[in-house]
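Coordinates in review
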Amino acid sequence: MKVILKDINLFHPAQNIDEKNTSVLLEDGKISKRGELSKDDIKDAKVFELKGKYVVPGFFDMHVHFREPGREDEETVISGSNSAANGGFTGVACMPNTEPAIDSAEIINFIKKQAKNHLVDVYPIAAATVGRKGKVLSPMAELGDAGAVAVSDDGVAIKSASILRRVLEYSKMYNIPVIEHCEDESLAGGAMNEGVNSTLLGLPPLPSVAEDLTVNRDILLAEYTGWKVHIAHISTKNAVRMVREAKQRGLNITAEATPHHFTLTDDLLKSYNTNLKMNPPLRTGKDVAEIIEGLKDGTIDCIASDHAPHSIEEKEQEFQNAPNGIIGLETEIGLTLSELYHKKILGLKEIVERLSVNPRKILNIPLPKFDLGETANFTILDLDLIWTVDATQFKSKSKNSPFDKRLLTGKSISTINNGKMFFEGEMITI
Amino acid sequence: MPLSNKHLLGLQGVSKEDINLILDTAKTFREVLERPIKKVPTLQGKTIVNLFYESSTRTRISFELAEKRLSADTVNFAVSTSSVNKGESLKDTIRNIEAMKIDMVVIRHSAAGTPLYLTKVCDASIINAGDGIHEHPTQALLDMYSIRERAGKLKGLKICIVGDIAHSRVALSNVFGLITMGAKVSVCGPATMIPRRIDELGVNVIHDIDEAIQENDILNVLRIQLERKAGANFPSLREYATYFGITQDRLERNRKDILILHPGPINRGIEISSEVADGSDQIILTQVTNGVAVRMAVLYLLGTQN
Ligand SMILES: [Zn+2]
């Protein structure tokens, strides 16, 4: 099938492509022509009039929870992938805290099978230790061979310094990155950020220093073992500063931040809305400011959602008993464009780096190219579209978003990958 | 004059006028309670549910008595006699109770924010009888009533709350209410028992009990929860008693005209020495009758709004 994306702006900063008001011809999902199109090209083609829209290398979210196997009522690999496509992503990496955990080649293969033939490429992240229990190293060589792109015990930090050291030494042999959820176990267990708001609300507090301590431990062990650590969902001022300093020292430390951590603060918890409960929790305005600074100066390499679906029944209970986590795939780009692009914190180039180039670089996944003959792997952005989030329209099986009804500027209007196109809520084979 | 809110979820944000109205109304009911016939027909035909997810005999009995004296119909729903144990969610429970056409719910729950949640899923007036370590407004109103009764006023008084502030719902309600009424509020206890950044609420933090005695007109001494005794919060009961316990000797050394409020029963020799507990006219033990009167006032004011 022939598809024409007409009057678009092609933008691929890693390839130095910045072409305004041009067109692209796709044939059977591959890029066959760029620029001026002839009558012959247009003949029998399905033409999408996309004046002023930006076509960028498909966005990639390196931190999602798809709940399969185990909680298919909340999300499956398919529903999560649909959510990603609708949100503007052509690739995701899914975390291993499923039931059972992704700690064997069988489960990696199962997830890959579920994801097969979808527009969205799903890359499993395997557990760093068996069952994420922090006792026994997972079979990392075998997991890597099966297709795991990283290891992590996300949900918790790798339990002890001694086991983390072994994980780093071992994963280094096979070039597997280690992703850490940084939270000191002995300080964990609170329901919200510790501060004046937790005092006011009487909720069990979770201090920011719990994150800082583990970030510090991880940086030092990365240095000691000569390997790398990627800090997931960074949320505190001190953690950002430590990562910045580690980078200045030339250490192999990377980090990601979620839209909720650069948009919201713990002041909002007065409502006891359980859709504002996640781990790490919402922090203070000072933390948010430092995260934005970190995104700006490159300390924070990526934006990732930590998409964490939960059923309504699970979220509709007492705040301190409700599970942590919110979904994010379908609001991530809107929030990034509203809060970072339109507020002039990041340009489009930096946004493409944080959402497409860097996550793939960290996980050793090839970056889509705009060369002729390549598979079209695109996210198409309308930077100025003003829209209202409507959770009932989400493709995710779960609706636990604190951003429902929020007005946003900028949206992904289409994704293309693997010979498929997602446009106006529908998946088309092209 | 009615209260400006349909619910009593806490004392945060409750106006001076409303607090005065509750305390003045409580005074009227206090007089009713001295009469031979202690019952008034004010809430006849109203149904009140006492929803206690956490055992608290004293608070529950106080509410039940207040409801009876106001002639309300009451339904008691305690955790042991309900389906909560069978995993029924809070929401289902409320839906089921609401089918009974209730006017008010008095709720005690171990999770902060639960009373606020109830206001969203049910039409009745909600009264918070203690939610986690958040608020316990009627207990704080009772403390304020007792202080006002004895000292004649609240405005301008220097009041220090002593004990485990971090794990007390009464402390926070007292802080909000007393500051609204114009008192100068301090808290005193080991640093491990003071919640973080409480000073930002306008509260002075003290770690020296002698200083607390010297600087204040009134001490509101919380009960040390013995089950929380030694370990991570403080080294030992003996050390707590030595460094934070109120003894006759301490009172004499510092100043003698201070008043001490305690909710009872006192852990003798821990937060207050036996000598002070028994001998002193400086101590105000919270009167059960005052508690009933304050709760009658709250129920009456909320139950008779349209
Ligand atoms: Zn995590």
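Residues numbered from 1 in each chain as written. Chains lettered and ligands numbered in written order. Predicted model: local features only at pLDDT ≥ 70, side-chain atom pairs only at ≥ 80, totals over all residues. Heavy atoms only, no water.

**Focus: unusual backbone geometry**
Glycine aside, residues mostly have negative phi angles, and peptide bonds mostly take the trans form. Residue and element names in this part refer to chain A. For the bond running from Glu68 to Pro69, omega is 5°, close enough to zero to count as cis. Along the chain, Pro69 falls in the loop between β6 (59-64) and α2 (77-87). Glu99 connects to Pro100 through a cis peptide bond whose omega is 0°. As for its placement among the helices and strands, Pro100 is situated in the loop between β7 (89-94) and α3 (105-115). Even without being glycine, Tyr272 reaches a positive phi, approximately 55°. When you line up the elements, Tyr272 lands in the loop between α9 (259-263) and α10 (285-297). Phi angles above zero are rare outside glycine, and Lys344 is one such case at about 60°. Examined against the element boundaries, Lys344 turns out to sit in the loop between α12 (332-341) and α13 (348-362). The class for Lys344 is exposed, based on a relative accessible area of 72%. (Helix = DSSP H or I, 4+ residues; strand = E, 2+ residues; numbered from the N terminus. Buried < 20%, exposed > 50% of the residue type's maximum accessible area, 1.4 Å probe, protein only.)

**A look at the coordination of the zinc ion**
Residue and element names in this part refer to chain A. Distances from the zinc ion to its protein donors, Asp154 (OD), His181 (ND1) and His233 (NE2), fall within 2.0 to 2.3 Å. In primary sequence terms, the donor set of the zinc ion follows D-x26-H-x51-H. Note that His181 is positioned in the loop between β10 (178-180) and β11 (192-193) and His233 in the loop between β13 (229-231) and α8 (237-248), a separation of 52 residues in sequence. Here His181 and His233 have matching classes, each one buried. (Donors = N, O, S within 2.8 Å, 3.2 Å for Na, K, Ca; no water.)

**Here we look at the packing of helix α7 (residues 209-225) of chain A against α8(A)**
All names here are of chain A. Orientation of α7 relative to α8, taken along the N-to-C sense of each, is 15°, at an axis distance of 9 Å. When the axis of α7 is compared with that of α8, the two are roughly parallel. Read as a crossing pair, α7 and α8 show a hand that is right-handed. In this structure, α7 uses Glu211, Asp212, Val215, Asn216 and Ile219 to contact α8, whose residues at the interface are Asn238, Ala239, Met242, Val243 and Ala246. Residues of the contact of α7 with α8, tallied by class, amount to six nonpolar, two polar and two charged. (Axes fitted to C-alpha atoms, helices over the stretch in contact; angles between N-to-C directions. Parallel < 35°, antiparallel > 145°, perpendicular 65-115°, else oblique. Left-handed = near helix turned anticlockwise from the far one by under 90°. Contact = heavy atoms within 4.5 Å. Nonpolar A, V, L, I, M, F, W, Y, C, P; charged D, E, K, R; others polar.)

**A closer look at a nonpolar patch on the surface**
All names here are of chain A. Side chains of Tyr170, Met173 and Tyr174 sit close together on the surface and give an oily, nonpolar patch of about 300 Å² of accessible area. When you line up the elements, Tyr170 lands in helix α5 (residues 161-173). Relative accessible area serves as the criterion here: at 31%, Tyr170 is assigned to the partly exposed category. (Patch = residues over 30% accessible without salt bridge, like charges linked within 9 Å, V, L, I, M, F, W, Y side chains within 5 Å. Areas by Shrake-Rupley, 256 points an atom, 1.4 Å probe, with all protein chains shown as cover. Salt bridge = Lys/Arg side-chain N within 4 Å of Asp/Glu carboxyl O.)

**A closer look at the packing of aromatic side chains**
On inspection of all chains with the given rule, the structure shows nine aromatic pairs over all chains. With centroids separated by 6.5 Å and ring planes inclined at 90°, the aromatic side chains of A:Phe11 and A:Tyr54 adopt a geometry described as edge-to-face. Highlighted residues: A:Phe11 in strand β1 (residues 2-12) and A:Tyr54 in strand β5 (residues 54-57), separated in sequence by 43 residues. There is no split in this pair, since A:Phe11 and A:Tyr54 are both buried. Measuring from centroid to centroid gives 5.4 Å for B:Tyr240 and B:Phe244, while their planes differ by 20°, and the two rings are stacked. A residue pair is termed a helical-turn pair when its members lie 3 or 4 positions apart in one helix, as B:Tyr240 and B:Phe244 do in helix α8 (residues 237-244) at four residues. (Phe/Tyr/Trp six-rings, centres within 6.5 Å; stacked < 30°, edge-to-face > 60°.)

**Regarding the domain arrangement of chain A**
How large an interface is tends to be reported as the accessible area lost when its parts come together. Residue and element names in this part refer to chain A. Annotation of chain A at the domain level lists domain 1 (2-55 + 371-429) and domain 2 (58-363). Taking only C-alpha atoms into account, the centre of domain 1 sits 27 Å from that of domain 2. Of the residues lining the interface, 37 residues belong to domain 1; the matching set on domain 2 comes to 49 residues. Interface of domain 1 and domain 2: buried area, both sides summed, is about 3400 Å²; carbon and sulfur atoms make up 63% of it. The interface formed by domain 1 and domain 2 includes one salt bridge. Here Glu339 ties to Arg406 by a salt bridge, and the two come within 3.3 Å at their closest N and O atoms. Here domain 1 is connected to domain 2 by 26 residue pairs in polar contact (both at pLDDT 80 or more). At the level of secondary structure, the elements contributing two or more residues to the side of domain 1 that touches domain 2 comprise β16 (378-388), β17 (407-417) and β18 (420-423). A per-element tally of the side of domain 1 that touches domain 2 places β17 first, with eight residues. Classifying every residue of the side of domain 1 that touches domain 2 gives 17 nonpolar, 13 polar and seven charged. (Domains from an automatic or database assignment. Buried area = accessible area lost by both parts, 1.4 Å probe. Polar contact = N/O pair within 3.5 Å; in protein donor to acceptor, adjacent residues only side chain to side chain.)

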